[in-house]
Amino acid sequence: MMRLGVLASGGGSNLQAILDACARGTMPARVAVLIGNVPGAGALEKAARAGVPCVVLPHQSAPSREAYDQLVVAELRKHRVELVCFAGFMRLISPVLLGAFQNKILNIHPALLPAFPGLHAVRQAIAAGVRVAGCTVHLVDEGTDSGPIVLQAVVPVLDGDSEDSLAARVLVQEHLLYPRAIGLFAEGRVRLEGRHVRIDTANDAARSLVSPGVA
Ligand code: GRF
């Protein structure tokens, strides 16, 4: 069982999708700890309901970004976390956290990176007039949503879509994509070659997970 540390700031719907996938036994992983930076956030309640240890570390817990990340790393180590999953974690991180979990931090972003990194990705996509939007699970590096891409899912943009309607359609795909990506790590099927994430698709079932529709 790979021990996951999930970091979240918001409602926690992606956290819930991860918890559900772990509970269904579809991946050999469990959430060992949920770390939140916003007291009262929905993610904390969802983790508590699932019996997952919760740690709240508000922004003000430390005098600097580095000192904050040291607290985060200490909690992750205490809970023997092997893979860190950002799930709507709205904080920039420092080399302290990156270095402690090198190439072991995942993020989900509601756009087809490298298009529309940063805040308000769905709003950016609508404003740009793109015909397809989507979501990306990527490894976290020192940049903003700039790390190696693990998996992506495409969502059509429909005439008349608002930021909310498109974001809702993207979120449905996020909930499928993130557990799938985490499962690949938990099964030891992911390898990094420079900027390229290589996924072991030795059997057909695995191949269709990575590229749905490809036999
Ligand atoms: C998601 O859209 C995710 O892509 C982004 O933040 C949002 C988090 O939503 N990084 P939730 O808290 O998982 O519901």
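Note that the structure is a prediction, hence the values are computed from the model and not measured.

Novice: Outline the packing of aromatic side chains, supporting the account with residue identities and numerical values.
Specialist: Describing an aromatic ring pair means giving the distance of the ring centres and the angle of the ring planes. Counted by the stated rule, this structure contains one aromatic pair. Centre to centre, the rings of Phe 86 and Phe 89 are 5.3 Å apart; their planes meet at 50°, and the pair counts as tilted. With respect to class, Phe 86 is no different from Phe 89; both count as buried. Over the ring of Tyr 68 we find Arg 91, and its NZ or CZ is 3.9 Å from the ring centre.

Novice: I'd like a description of unusual backbone geometry, backed by residues and values.
Specialist: The omega torsion of the bond from Leu 113 to Pro 114 falls at 10°, within 30 degrees of zero and hence cis. One non-glycine residue with positive phi stands out, namely Asn 103, at about 55°. As for its placement among the helices and strands, Asn 103 is situated in the loop between α4 (95-100) and β5 (105-109). Assessed through its relative accessible area of 41%, Asn 103 is described here as partly exposed. Of note, the phi angle at Asp 145 is positive, near 55°, even though the residue is not glycine. Tracing the backbone through its elements, the reader meets Asp 145 in the loop between β6 (132-139) and β7 (149-156).

Novice: Just give me the short version of the nonpolar core, but keep the residues and values in it.
Specialist: Here is a general trend for soluble globular proteins: nonpolar side chains tend to be buried in one another's company. Residues Leu 4, Leu 106, Val 150, Tyr 178 and Ile 182 are the most contacted members of the largest nonpolar core, which totals 43 residues. The element best represented in this core is helix α6 (residues 163-186), accounting for nine residues. Two domains each provide a minimum of three residues to this core, namely domain 1 (1-102) and domain 2 (108-215). Contacts of Tyr 178, omitting those with residues within four sequence positions, involve Asn 14, Ile 18, Cys 85, Phe 86, Ala 87, Leu 106, Asn 107, Ile 108 and Val 137.

Cut-offs applied
Residues numbered from 1 in each chain as written. Predicted model: local features only at pLDDT ≥ 70, side-chain atom pairs only at ≥ 80, totals over all residues. Heavy atoms only, no water. Phe/Tyr/Trp six-rings, centres within 6.5 Å; stacked < 30°, edge-to-face > 60°. Buried < 20%, exposed > 50% of the residue type's maximum accessible area, 1.4 Å probe, protein only. Lys NZ or Arg CZ within 6 Å of the ring centre and 35° of its normal. Helix = DSSP H or I, 4+ residues; strand = E, 2+ residues; numbered from the N terminus. Core = buried A, V, L, I, M, F, W, Y, C linked by side-chain atoms within 4.5 Å. Domains from an automatic or database assignment. Contact = heavy atoms within 4.5 Å.

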